[in-house]
Amino acid sequence: MKFVTSILNRRAFVAFAAASMLAGVMHSAPASAADVTIPIIVKDTTSFYWQIVLAGARKAGKDLGVNVPELGAQAETDVNGQISILENAVAGNPAAVVIAPTEAKALGKPIDEAATKVKIIGIDSGADSKAFTSFLTTDNIQGGRVAADGLAAAIGEANGGKVEGDVALITALPGAGSLEQRAQGFKEQLAAKYPGLKLVADKYADGQATTGLNIATDLITANPNLKGIFASNLIMAQGVGQAIAENSLAGKVGLVGFDSDEKLIKFLNDGVISALVVQDPYRMGYDGIKTALAASKGEKVEANVDTGANLVTKANMKDPKIDALLNPKLD
């Protein structure tokens, strides 16, 4: 009996030693790319624009062999929700985090705190923080200038070359860094290049298309000399476009929107929208993950990357480059 027990003990010891050696080898082996997790946190997972961003991030994850959790609130107005998502993501000890802050001031401190534990890559919108390792976005001030040029061209075309009359600016939400910059660029360009255009309304909405519709309808009623509107994001362009259509003002009141989806592309085709300023959200998502992976390895990355903005009209929307932006692959 003692002999059998001795054999069993020796076998157990050998098995334990082998397991220990294997565990030591596994522990000391470097992590593969597939073991790397880089969450991406967007403003609103339900929006077509952010779905394009997520598609780019997803493709980068596949190409680079990185696990990319796709996170975000259900609405851009849910600032506290995004803060909680960021805190939970950091608690998971990822290699890095990619985030599009919903609101500049509110996300500043949470990003500062997160950056003490992990590399933070910003995309799309800024925050009151200097802790980003890299920041990839459209030059939104330049995007606002492009919108002003597009609106002026539409007004001139509809009025025999005369670029004059009242115009309005409708912003989806107050405090969003990208939207404030677009407004800045738009107003600066009007003042510098188009003295005949008078900004008679600078309105904030609550992030809802219906509110954009109501604001635009009130402006149309109150301003018979209204010649154009700049709706500075996708949701506002949807609402304002609906107001233009319902009041049969296509081609009479110019409208420039920002970003695109099927509804806005149809408005563009129908002449309801004069032009769209289109970013490259797919590139933001893809390059955001690519940059985050490089930063997590200690590689040098660019502090600021301009991902570009393009003015899309009915005349150029079939160009291959523009078509790729309007019809990105979401698989």
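See the structure shown above.
Described in the following lines is the structure provided in the data block. It should be emphasised that the depicted structure is a prediction, and the values quoted were computed from it without experimental measurement. (Residues numbered from 1 in each chain as written. Predicted model: local features only at pLDDT ≥ 70, side-chain atom pairs only at ≥ 80, totals over all residues. Heavy atoms only, no water.)

1. Concerning the side chain of S125
Then step 1. With respect to the helices and strands, the residue S125 is situated in the loop between β4 (119–123) and β5 (134–137).
Then step 2. Side-chain polar atoms of S125 contact the side chain of D124, separated by 2.8 Å.
Then step 3. For S125, the side chain forms a polar contact with the side chain of S178, separated by 2.8 Å. (Helix = DSSP H or I, 4+ residues; strand = E, 2+ residues; numbered from the N terminus. Polar contact = N/O pair within 3.5 Å; in protein donor to acceptor, adjacent residues only side chain to side chain.)

2. A short note on empty space enclosed by the protein
Then step 1. Applying the stated criterion to the full structure yields two cavities of 30 Å³ or more.
Then step 2. By volume, the largest cavity amounts to about 130 Å³.
Then step 3. Taken together, 13 residues form the lining of the largest cavity, with Y49, W50, E76, N233 and D259 sitting closest to its centre.
Then step 4. Contributing elements (two or more residues each) for the lining of the largest cavity: α2 (48–64), α6 (177–193) and α8 (234–246).
Then step 5. Here the lining of the largest cavity takes three residues from α6, the largest share from any one element.
Then step 6. Broken down by class, the residue content of the lining of the largest cavity amounts to five nonpolar, three polar and five charged.
Then step 7. In this structure, the second largest cavity spans a volume of roughly 40 Å³.
Then step 8. What lines the second largest cavity is simply Y49, I52, D259, S260, V278, Q279, P281 and L325. (1 Å grid on protein atoms, 1.4 Å probe; cavity = no way out; pocket = protein on both sides within 12 Å on 5 of 7 lines; lining within 4 Å. Points joined across faces, edges and corners; volume = space filled by probe spheres on them. Nonpolar A, V, L, I, M, F, W, Y, C, P; charged D, E, K, R; others polar.)

3. Focus on the environment of I121
Then step 1. Here I121 shows up in strand β4.
Then step 2. Residue class for I121 comes out buried when judged on its relative accessible area of 0%.
Then step 3. C-alpha of I121 to C-alpha of A131: the two residues are ten residues apart in sequence and 9.0 Å apart in space.
Then step 4. Contacts of I121, omitting those with residues within four sequence positions, involve V97, V98, I99, F132, T133, S134, L136, G288, T291, A292 and A295. (Buried < 20%, exposed > 50% of the residue type's maximum accessible area, 1.4 Å probe, protein only. Contact = heavy atoms within 4.5 Å.)

4. Overview of the pattern of salt bridges
Then step 1. Applying the stated criterion to the full structure yields eight salt bridges.
Then step 2. Between K266 and D270 there is a salt bridge whose closest N-O contact spans 2.7 Å. With K266 and D270 both in helix α9 (residues 262–270) and four residues apart, the pair spans about one turn of that helix.
Then step 3. On the basis of relative accessible area, K266 is assigned to the exposed category, the value being 52%.
Then step 4. A salt bridge links D287 to R283, with the shortest nitrogen-to-oxygen separation between them at 3.1 Å. One end of the pair is D287 and the other is R283, both in helix α10 (residues 281–296) and four residues apart, which spans about a single turn.
Then step 5. R283 sits in the partly exposed class, given a relative accessible area of 31%. (Salt bridge = Lys/Arg side-chain N within 4 Å of Asp/Glu carboxyl O.)

5. Focus on the nonpolar core
Then step 1. Judged by nonpolar contacts, the single largest core of 61 residues is most densely connected at I38, I40 and I229.
Then step 2. In this structure, I40 is in contact with V53, L54, A57, V68, P69, E70, L71, V98, I123, G285 and I289, ignoring residues within four places of it in sequence.
Then step 3. In terms of nonpolar packing, the next biggest core, distinct from the first, is built from 18 residues, A148, A183, F230 and F258 among them. (Core = buried A, V, L, I, M, F, W, Y, C linked by side-chain atoms within 4.5 Å.)

6. A few points about the layout of surface pockets
Then step 1. Computed from the structure, the largest pocket encloses a volume of approximately 320 Å³.
Then step 2. Lining the largest pocket are 17 residues, and of these A154, E157, I273, S274 and A275 lie nearest its centre.
Then step 3. With five residues, the single largest contributor to the lining of the largest pocket is helix α5 (residues 140–158).
Then step 4. Each residue belonging to the lining of the largest pocket can be placed in one class, and the counts come to eight nonpolar, six polar and three charged.
Then step 5. Computed from the structure, the second largest pocket encloses a volume of approximately 210 Å³.
Then step 6. Surrounding the second largest pocket, 18 residues form its lining, G126, F135, T137, Q181 and N304 being those nearest its centre.
Then step 7. Contributions of two or more residues to the lining of the second largest pocket are made by β5, α5 and α6.
Then step 8. The class makeup of the residues in the lining of the second largest pocket is five nonpolar, ten polar and three charged.

7. Brief notes about the sheet that holds strand β10 (residues 275–278)
Then step 1. An order of β7-β6-β8-β9-β10-β12 is seen for the six strands of this open sheet, with the pairing classed as mixed. Because the sheet does not close on itself, it has two edges, and the strands there are β7 (197–204) and β12 (310–312). Strand-to-strand twist across the sheet, computed as the mean angle between neighbouring axes with direction ignored, equals 20°.
Then step 2. Together, β6 (165–171), β7, β8 (226–231), β9 (254–258), β10 and β12 form the strand contacts of α5, whose direction differs from that of β9 by roughly 160°. (Pairing = 2+ DSSP bridges. Axes fitted to C-alpha atoms, helices over the stretch in contact; angles between N-to-C directions.)

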